[in-house]
Amino acid sequence: MKDIVRDGDPVLRQEAADVQFPLSAEDQQLAKDLMEYLVVSQDPEQCKKYGLRAGVGLAAPQVGVSKKMASVLVPPTEEDGESPFTDVIINPVIISESVQAGALTEGEGCLSVDKDVPGFVPRHDRITLRYYDVNGEKHQLRLKNYPAIVCQHEIDHLHGILFYDHINKDQPFTRDDDMVMID
Ligand SMILES: O=C(O)C[C@@H](Cc1ccccc1)[C@H](O)SCc1ccccc1
Ligand code: NI
């Protein structure tokens, strides 16, 4: 697994390149690596063993590869026990989004940002996401709340945007009345 690059590395501020299909062997391996990191990091034993920070998403630029590819592994919720969204999203585009904002009550962190940056990160509470999977199959689906937040965080990485860019500098915990607060 490649090292995760940290804030300050120019690759995190670039517009990543579209991925070409069929995937090269290198891009197939990259997709595997990006997903493997999440799977291992969400296993407490392996996470500790390899000294990883747990992650629910990882974008290629975060491992130094400026390509439009990111893995997303939203942990299962207590209720239904299965992950609400798991895939490697390639050349993702948000084709529609709710006017209504959503933000994590706890704020956000990032595997590429070691410092804590407190504050609400206003995003869209609901999105329609279009992306291609590793087999070149096109997907289009609606996501809301936490899965939508994770995908927006990862897609931001592909456009050189970091979560704290969205935090209100003067009033970090400002929120508009109808913003959905997500736990
Ligand atoms: O740096 C990344 O892209 C991975 C982030 C993704 C993320 C952070 C905040 C909000 C949405 C997505 C890491 O997953 S941050 C660590 C983490 C781990 C488990 C649950 C939530 C956040
Ligand atoms: Ni991040």
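Since this is a predicted model, take the numbers as computed values, not measurements. (Residues numbered from 1 in each chain as written. Chains lettered and ligands numbered in written order. Predicted model: local features only at pLDDT ≥ 70, side-chain atom pairs only at ≥ 80, totals over all residues. Heavy atoms only, no water.)

A.B. asks: Would you explain the overall build of the protein in this entry?
C.D. replies: The helix and strand tally for the protein stands at 3 helices and 8 strands. The secondary structure elements of the protein, listed N-terminal to C-terminal, are α-α-β-β-β-β-β-β-β-α-β. Taken over the C-alpha trace, the protein has a radius of gyration of 16 Å; the compact-globule value for 183 residues is 16 Å, and the two agree within 12%. Viewed in the frame of its principal axes, the protein has a C-alpha envelope of about 50 × 35 × 35 Å. Expressed as a percentage of its 183 residues, the buried residues of the protein come to 45%. Restricting to contacts in the protein with at least 6 residues of sequence separation, those with at least 24 account for 70%. Roughly 9700 Å² of accessible area belongs to the protein as shown, and the carbon and sulfur atoms make up 50% of that amount. If the 18 positive side-chain charges of the protein are averaged to one point and the 32 negative ones to another, these points end up 3 Å apart. (Helix = DSSP H or I, 4+ residues; strand = E, 2+ residues; numbered from the N terminus. Rg over C-alpha atoms; globule rule 2.2 N^0.38 Å. Buried < 20%, exposed > 50% of the residue type's maximum accessible area, 1.4 Å probe, protein only. Contact = heavy atoms within 4.5 Å. Areas by Shrake-Rupley, 256 points an atom, 1.4 Å probe, with all protein chains shown as cover. Lys, Arg positive; Asp, Glu negative; His and termini not counted. Charge placed at Lys NZ, Arg CZ, Asp CG, Glu CD.)

A.B. asks: Just to check I follow, could you spell out the pairing of strand β6 (residues 126-132) for this structure?
C.D. replies: Note on strand geometry: in a regular strand, side chains alternate between the two faces of the sheet. As defined by bridge partners, strand β3 (residues 86-97) adjoins β6 across 5 bridges and the pair is classed as antiparallel. The partner of S96 across the bridge, within β6, is T128. Where β6 folds back onto strand β7 (residues 138-144) in an antiparallel hairpin, the turn is made up of 5 residues, including G136, whose phi is positive at roughly 85 degrees. (Pairing = 2+ DSSP bridges.)

A.B. asks: Got a minute to help me understand the nonpolar core in this structure?
C.D. replies: Here is a general trend for soluble globular proteins: nonpolar side chains tend to be buried in one another's company. Residues L30, L34, L58, V63 and M69 are the most contacted members of the largest nonpolar core, which totals 18 residues. Of all elements in the fold, only α1 (25-41), β2 (69-73) and β3 reach the threshold of two or more residues within this core. Take this core: its biggest share by element is 6 residues, from α1. Ignoring sequence-local partners within four residues, the contact set of M69 consists of V19, D27, L30, A31, L34, A59, A60, P61, V88, I89, I90 and L158. (Core = buried A, V, L, I, M, F, W, Y, C linked by side-chain atoms within 4.5 Å.)

A.B. asks: Explain the site of ligand 1 to me, please; I cannot follow it from the model alone.
C.D. replies: Near ligand 1 lie 15 residues; those nearest to it are V56, G57, Q62, L111 and E154. Within the backbone of L111, one N or O atom sits 2.8 Å away from an oxygen atom of ligand 1. Between ligand 1 and E154 there is a distance of 2.8 Å, counted from an oxygen atom to a side-chain nitrogen or oxygen. Considering ligand 1 on its own, with 490 Å² of exposed area, one finds that the protein chains cover 83% of that surface. The greatest single-element share of the shell around ligand 1, amounting to 5 residues, is contributed by helix α3 (residues 145-158). Among the residues making up the shell around ligand 1, the classes are represented as 7 nonpolar, 6 polar and 2 charged. (Near = heavy atom within 4 Å. Polar contact = N/O pair within 3.5 Å; in protein donor to acceptor, adjacent residues only side chain to side chain. Nonpolar A, V, L, I, M, F, W, Y, C, P; charged D, E, K, R; others polar.)

A.B. asks: Got a minute to help me understand the UniProt feature "binding site: Fe cation" (unreviewed entry) in the protein in this structure?
C.D. replies: Annotation from UniProt places "binding site: Fe cation" (unreviewed entry) at C110, H153 and H157. Separation in sequence by 48 residues is not matched in space for these annotated residues, since their most distant C-alpha atoms are only 10.2 Å apart. Tracing the backbone through its elements, the reader meets C110 in the loop between β4 (101-104) and β5 (123-124). Residue C110 is classed as buried on the basis of its relative accessible area, which comes to 3%. Not counting residues within four places of it along the chain, the set of residues in contact with C110 comprises R53, Q62, H153, H157 and F163. Locating H153 in the fold gives a position in helix α3. According to the relative accessible area criterion, H153 is buried, its value standing at 10%. With residues up to four places along the chain from it excluded, the contact list for H153 reads E108, G109, C110, R123 and F163. Among the polar contacts listed, one links the side chain of H153 to the side chain of E108, at a separation of 2.8 Å. (UniProt positions renumbered as here; feature names shortened; annotations may be inferred.)

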